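Examining the three-dimensional arrangement
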Amino acid sequence: MITTTVGDNSLAATLTINGAVQDGSDILGSFISSDPINDTPYDCSDPDAPVLQFETATGRTPIVLARAG
């Protein structure tokens with residue numbers, strides 16, 4: 001069982017549009033209105049770590065968990 005607690009939701013993103021780099025954090029925040037790691041399905045397809053099926057606007061994207069530090 002994986003239990004999560006949101007301590008900080010400070011996702012940051014940069015976008016490059018026609019060669020100009022821009023802060024895309026606000027745009028990303030508007031796409032992800034909740035904390036998508038909560039209640040997400042996971043599997044053991046990677047032998048070294050659980051794989052979360054992260055929900056995005058275009059479907060699920062597998063994210064492999066790794067130990068911090």
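In what follows, the accompanying structure is described. (Residues numbered from 1 in each chain as written. Predicted model: local features only at pLDDT ≥ 70, side-chain atom pairs only at ≥ 80, totals over all residues. Heavy atoms only, no water.)

In this section: the overall build of the chain. Per the secondary structure count, the chain includes one helix and five strands. When the helices and strands of the chain are read in sequence order from the N terminus, they spell out β-β-α-β-β-β. Considering only residue pairs separated by 6 or more positions, the chain has 17% of its internal contacts joining residues 24 or more positions apart. Carbon and sulfur atoms provide 54% of the accessible area of the chain, an area that totals close to 5700 Å². (Helix = DSSP H or I, 4+ residues; strand = E, 2+ residues; numbered from the N terminus. Contact = heavy atoms within 4.5 Å. Areas by Shrake-Rupley, 256 points an atom, 1.4 Å probe, with all protein chains shown as cover.)

Our next topic: unusual backbone geometry. Positive phi is not limited to glycine here, since Asn 18 has a value of about 55°. Position of Asn 18 among the secondary structure elements: in the loop between strand 1 (14–17) and strand 2 (20–23). With a relative accessible area of 82%, Asn 18 lands in the exposed category. (Buried < 20%, exposed > 50% of the residue type's maximum accessible area, 1.4 Å probe, protein only.)

The next point concerns the sheet that holds strand 5 (residues 59–64). On the basis of which strands lie adjacent, the open sheet formed by three strands has the order 3-4-5 and antiparallel pairing. Lying at the two open borders of the sheet, with one neighbouring strand each, are strand 3 (42–46) and strand 5. Geometrically, the sheet is characterised by an average inter-axis angle of 40° between neighbouring strands, direction not taken into account. Summarising the sheet, strand 4 (residues 49–56) and strand 5 pair through six bridges and their orientation is antiparallel. The residue of strand 5 that forms the bridge with Phe 54 is Thr 61. (Pairing = 2+ DSSP bridges. Axes fitted to C-alpha atoms, helices over the stretch in contact; angles between N-to-C directions.)

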